[in-house]
Amino acid sequence: MACIPINNVQFSPQSRDAIDDIRRRMEAGRVLSILLPAGVMATIFVGNKPLIANYNITQTDFVTFTRAMSSLPAIQRKVIRDIAAMQALSRTGKESQFWQGVYDGCDIR
Amino acid sequence: MAATFGRLTIILTLWLVAVGPLCASEDMSGLSRDAVEISYSAFDRSKSELEAVIERCDKNREPVSSTVLSSLGLSQQQLKTALFVLNSRAEAGCEGGAREKLFFTASAHVAVAGHYRIDAKDAVDYAGDLLFVRQWQRMEYEAAYLRLDARIREKLEAIDAMKVPFDIFRTLDALAEEK
């Protein structure tokens, strides 16, 4: 999948729960925080700062995230992809697009 | 002579009482160290196995033919549900029990480490949290899938391309393009 920038994506309570799930599970190994030290995707998925009302996700953000994902151990990568797939299929519009971007990443491999 | 022998016996007894448990505990610590090492190695091996299996199952995913799927008359949400559930089942089949084995060996190591009151390290994560990702949501998908007409489910489950892990989103894109 090509990286599609998404402007003004807002997260529903269900997406926020899913983001918390990813944050909590990735916190244990701290691998994602090393692979994704900065950027919009890091502010969403790493650490425990409260999420803001909306985000603009650029193509570069998706590329950086995809690279970080491809360096994660397979089991942890699957954790994120499974959560993203369930969200992409149950949400609509930009929210669903965002989760699909997390699941599929960009075609950079 | 008898008094000297008596004293020697007492000294020997005291020495055995003092040193005996030390020898025994040294023996136990060797055994316990080995026990911990064996259970951690089993866990670590299973983790590597699952990592490799996930990588293998993720390769060469193809979309499912939209022609077959569009003829079933399912709504968009029903289709999404069916694709998610059948892909999950196909992934579980492809993993061939490697996930269950990792859960078992991680739990076993947590139990062993718990007995010796030592840190089970990363086995704790694999004894639960990392292997049961949003299990409640998976079960909701499964429940929604089981509400589909049994004949439709039979047709879906007969599609060969859905018996191996497939590309859910490219399948949906192809269906959307067809419409």
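All values reported here derive from a predicted model rather than from experimental measurement.

Things to note about the interface of chain B and chain A
For step 1, the next point in the chain: At the interface, 14 residues of chain B touch 15 residues of chain A.
For step 2, the next point in the chain: For the side of chain B that touches chain A, the elements supplying multiple residues, two or more each, are helix H1 (2-58), helix H3 (76-95) and helix H8 (168-178) of chain B.
For step 3, the next point in the chain: For the side of chain B that touches chain A, the element with the highest residue contribution is H1 of chain B, accounting for 4 residues.
For step 4, the next point in the chain: Taken together, the residues of the side of chain B that touches chain A sort by class into 7 nonpolar, 1 polar and 6 charged.

Remarks on the environment of Ile52 of chain A
Residue and element names in this part refer to chain A.
For step 1, the next point in the chain: Here Ile52 is to be found in the loop between helix H3 (40-45) and strand S2 (54-57).
For step 2, the next point in the chain: With 10 C-beta atoms packed within 10 Å, Ile52 lands in the exposed category.
For step 3, the next point in the chain: For Ile52 and Ala18, which are 34 residues apart along the polypeptide, the C-alpha to C-alpha distance reads 15 Å.

Observations concerning the confidence of the model for chain B
In regions of low pLDDT, the predicted coordinates are not meant to be interpreted in detail.
For step 1, the next point in the chain: A residue-level look at chain B finds 84% of positions with pLDDT of 70 or above and a mean pLDDT of 87.
For step 2, the next point in the chain: Model confidence for the complex: the whole-complex pTM is 0.85, and ipTM, which rates the interface, is 0.88.

Some details on the packing of H3 of chain B against H8 of chain B
Residue and element names in this part refer to chain B.
For step 1, the next point in the chain: Running from N to C, H3 and H8 point in directions that differ by 150°, and their axes come no closer than 10 Å. The pairing of H3 with H8 is recorded here as roughly antiparallel in orientation. Both H3 and H8 take part in a crossing whose hand is right-handed. Together, Leu79, Leu83, Phe84 and Asn87 of H3 and Ile168, Thr171 and Leu175 of H8 make up the contact between the two elements.
For step 2, the next point in the chain: When its residues are assigned to classes, the contact of H3 with H8 shows 5 nonpolar, 2 polar and no charged.

Rules behind the numbers
Residues numbered from 1 in each chain as written. Chains lettered and ligands numbered in written order. Predicted model: local features only at pLDDT ≥ 70, side-chain atom pairs only at ≥ 80, totals over all residues. Contact = placed C-beta atoms within 7 Å. Helix = DSSP H or I, 4+ residues; strand = E, 2+ residues; numbered from the N terminus. Nonpolar A, V, L, I, M, F, W, Y, C, P; charged D, E, K, R; others polar. Buried ≥ 20, exposed ≤ 12 C-beta atoms within 10 Å, placed from the backbone. pLDDT = per-residue confidence, 0-100. Axes fitted to C-alpha atoms, helices over the stretch in contact; angles between N-to-C directions. Parallel < 35°, antiparallel > 145°, perpendicular 65-115°, else oblique. Left-handed = near helix turned anticlockwise from the far one by under 90°.

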